Amino acid sequence: QYEGLDIDRRLDRLIAAGHIQEMIVVIPQGRSATLVNTWYTNTSVEQWRTMFFTELLPQVDATYRTIPERTARGVVG
């Protein structure tokens with residue numbers, strides 16, 4: 001859904017203008033548009049919640065300079 005929206009450039013402009021703070025944005029790619037409503041839960045088809053907390057979050061923390069505290073994170077969608 002986010003392809004073609006130039007999210008990286010938009011965020012860079014907002015940071016440069018002082019409208020938002022520097023941040024790390026991760027946009028995982030889902031498998032199917034029909035599963036959009038299950039992104040933050042586990043279902044019998046997909047284990048999104050488990051993947052977020054046991055795989056994606058630790059990988060981001062290991063790869064990037066993060067603040068590994070709950071108050072420094074946000075999930076939107």
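Residues numbered from 1 in each chain as written. Predicted model: local features only at pLDDT ≥ 70, side-chain atom pairs only at ≥ 80, totals over all residues. Heavy atoms only, no water.

1. So, the overall build of the chain
Okay, so step 1: On a plain count of helices and strands, the chain comes out with two helices and zero strands.
Okay, so step 2: Expressed as a percentage of the 77 residues in the chain, the buried residues total 13%.
Okay, so step 3: A separation threshold of at least 6 residues defines the contact pool for the chain, and within that pool the share at least 24 residues apart is 29%.
Okay, so step 4: Total accessible area on the chain stands at roughly 6800 Å², and carbon and sulfur atoms take up 52% of it. (Helix = DSSP H or I, 4+ residues; strand = E, 2+ residues; numbered from the N terminus. Buried < 20%, exposed > 50% of the residue type's maximum accessible area, 1.4 Å probe, protein only. Contact = heavy atoms within 4.5 Å. Areas by Shrake-Rupley, 256 points an atom, 1.4 Å probe, with all protein chains shown as cover.)

2. Details of the pattern of salt bridges
Okay, so step 1: Per the stated rule, a full pass over the model turns up three salt bridges.
Okay, so step 2: Across the pair Arg65 and Glu22 runs a salt bridge, and its minimum N-O distance is 3.2 Å. Remark: Glu22 occurs in the loop between helix 1 (7-16) and helix 2 (48-63) and Arg65 occurs in the segment after helix 2; sequence separation between them is 43 residues. Across the pair, exposure class does not vary: Arg65 and Glu22 are exposed alike. (Salt bridge = Lys/Arg side-chain N within 4 Å of Asp/Glu carboxyl O.)

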